[in-house]
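Examination of the molecular architecture
Here are the chains, one letter per residue:
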Amino acid sequence: MQTIAFIGLGNMGGPMAANLLKQGYQLNVFDLSADALAKLAAAGARAASTAADAVRGADAVISMLPAGRHVEGLYLGESGLFAQLPAGTLVVDCSTIDAATARKVAAAADAAGLKMLDAPVSGGTAGAAAGTLTFIVGGAAAELERARPLLQAMGKNIFHAGAAGAGQTAKICNNMLLGILMAGTAEALALGVKNGLDPKVLSDIISQSSGRNWATELYNPWPGVMENTPASRGYSGGFMTELMLKDLGLAEETALHSHAANPLGSLARNLYEEHAQAGFGKLDFSSILKHFHPLD
């Protein structure tokens, strides 16, 4: 595969597309943002006028979109891309959406003679920029092998979770746990500081004790404890609270439909809902610390 159509050039998609360019792929790119298109065009991509224009002559299509309705709108229906792509084209959707929609779109792709993978990612904007993302893939093993060179150009770890939709289910489980542990870490640090502890000292203690987790080791929510984290730059960049809220909502929907208990996931969703409603939706999700310890 030499020419790739990349649709969706946001905080994640833009850096991912840039890494494909660095690996020598020819890219046709499309996004509703003229600035995002211009940035990729300056890096060597061809800026397409529409999604249909982007896939013209492409050997594979990659999409990174906000929600399931956007994925359905892009691919399905008489004007969707599935009606325009040649049989056998590989389609990789890296959006984080509900598994039911992923399966629906995959079934439509199969009916059109196309090869579809759901491949949501973990690693955040830093991982997207560094090319160290983790891809969590649902779909046929043969299609994963076909897509592997593309994924390796954008990421470091590739997991095959199972059939169509399995990548989305695994991603939702991971992000539900991430939301829970970040809220728990923020609560613990706030408790310690309230009782006279230094947040860095407490973080160091936790990192070497049984409470250690990804947040204390790599993504501390307390400002100034770690350099180059969103907390130390006013919670800018990173993974927005509103996106965490979306993923926790997907987890809750999945639990409801599968009759699974998720009391902690539901509580975390409520916390992030309150946090977003308080005006912090555009800040990194580690700003949930403000819910426990106002910093202003």
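Just so we're clear, the structure is a prediction, and the values are computed from it rather than from any experiment.

Here the focus is the overall build of the protein. Summing up its helical and strand segments, the protein has 13 helices and nine strands in all. At 20 Å, the protein has a C-alpha radius of gyration in line with the 19 Å of a compact globule built from 296 residues. Each principal axis of the C-alpha distribution contributes one length, and for the protein these read about 65 × 45 × 35 Å. In the protein, buried positions account for 51% of the 296 residues. For the protein, the proportion of contacts with a sequence separation of at least 24, taken over those separated by at least 6, is 63%. Of the roughly 13,300 Å² that the protein leaves accessible, carbon and sulfur atoms contribute 56%. Counting 20 positive and 25 negative side-chain charges, the protein places the centres of these two groups 4 Å from one another.

Every buried residue belonging to helix α9 (residues 199-207) is among Pro199, Leu202, Ser203, Ile206 and Ser207, and all of these are buried. One face of α9 carries all of its buried residues, which in axial projection span an arc of 135°. Elements in contact with the buried residues of α9: α8 (166-194) and α10 (214-218). Near the N-terminus of α9, the side chain that reaches the backbone nitrogen of Lys200, with its oxygen 2.7 Å away, is that of Asp198.

Next up on the list: the UniProt feature "domain: 6-phosphogluconate dehydrogenase NADP-binding" (unreviewed entry) in the protein. On the UniProt side, "domain: 6-phosphogluconate dehydrogenase NADP-binding" (unreviewed entry) is annotated at positions that read residues 3-162 here. A helix fraction of 41% and a strand fraction of 25% characterise residues 3-162, whose end C-alpha atoms lie 27 Å from each other.

For the rest of this paragraph, the subject is the pairing of strand β5 (residues 90-93). Here β5 shows two buried faces, one formed by Leu90 and Val92 and the other by Val91 and Asp93. Here strand β4 (residues 60-63) runs beside β5; their pairing, made up of four bridges, is parallel. Pairing of Ala60 across the sheet is with Leu90, part of β5. Handedness of the crossover joining β4 and β5 through helix α4 (residues 68-75) is recorded here as right-handed. On the question of chirality, the crossover connecting β5 to the parallel strand β6 (residues 115-118) by way of helix α5 (residues 99-111) is right-handed.

Below, the discussion takes up the nonpolar core. Counting 35 residues, the largest nonpolar core has Phe6, Met16, Leu20, Leu27 and Phe135 as the members making the most contacts within it. Looking at this core, the elements that each hand over two or more residues are β1 (3-7), α1 (13-22), β2 (26-30), α2 (34-42), β4, β5, β8 (133-138) and α7 (141-154). Ranked by residues supplied to this core, first place goes to α7 with six residues. Discounting chain neighbours no more than four positions away, the residues touching Leu27 are Ile4, Phe6, Ala17, Leu20, Leu21, Ala45 and Arg46. Ranked by size, the runner-up nonpolar core spans 25 residues in total, among them Ala58, Val61, Leu81 and Leu85.

Further remarks concern the packing of α4 against α5. At a minimum axis distance of 10 Å, the contact between α4 and α5 shows a crossing angle of 10°. Relative to α5, α4 is oriented roughly parallel. Along the contact surface, α4 presents Gly68, Val71, Glu72 and Tyr75, while α5 presents Thr101, Lys104 and Val105. Within the contact of α4 with α5, the residues separate by chemical class into three nonpolar, two polar and two charged.

A few words now on the packing of α8 against helix α11 (residues 241-258). With their axes 9 Å apart at the nearest point, α8 and α11 run at an angle of 120° to one another. Considered as vectors, α8 and α11 are oriented oblique to each other. Handedness of the crossing formed by α8 with α11: left-handed. Seen from α8, the contacting residues are Ile172, Asn175, Met176, Leu178 and Gly179; seen from α11, they are Met244, Asp247, Leu248, Leu250, Ala251 and Thr254. Across the contact of α8 with α11, the residue classes tally to seven nonpolar, three polar and one charged.

All right, on to the environment of Ser95 then. Relative to the helices and strands, Ser95 is located in the loop between β5 and α5. Under the relative-accessibility criterion, Ser95 is labelled buried at 0%. Distance in space between the C-alpha atoms of Ser95 and Ile205 is 36 Å, their sequence separation being 110 residues. Discounting residues that sit within four places of it in the chain, Ser95 has contacts with Ser63, Met64, Leu65, Val71, Pro120 and Gln168.

Cut-offs used in this document
Residues numbered from 1 in each chain as written. Predicted model: local features only at pLDDT ≥ 70, side-chain atom pairs only at ≥ 80, totals over all residues. Heavy atoms only, no water. Helix = DSSP H or I, 4+ residues; strand = E, 2+ residues; numbered from the N terminus. Rg over C-alpha atoms; globule rule 2.2 N^0.38 Å. Buried < 20%, exposed > 50% of the residue type's maximum accessible area, 1.4 Å probe, protein only. Contact = heavy atoms within 4.5 Å. Areas by Shrake-Rupley, 256 points an atom, 1.4 Å probe, with all protein chains shown as cover. Lys, Arg positive; Asp, Glu negative; His and termini not counted. Charge placed at Lys NZ, Arg CZ, Asp CG, Glu CD. Arc of directions from axis to C-beta. Polar contact = N/O pair within 3.5 Å; in protein donor to acceptor, adjacent residues only side chain to side chain. UniProt positions renumbered as here; feature names shortened; annotations may be inferred. Pairing = 2+ DSSP bridges. Right-handed = clockwise from strand over helix to strand, strands pointing away. Core = buried A, V, L, I, M, F, W, Y, C linked by side-chain atoms within 4.5 Å. Axes fitted to C-alpha atoms, helices over the stretch in contact; angles between N-to-C directions. Parallel < 35°, antiparallel > 145°, perpendicular 65-115°, else oblique. Nonpolar A, V, L, I, M, F, W, Y, C, P; charged D, E, K, R; others polar. Left-handed = near helix turned anticlockwise from the far one by under 90°.

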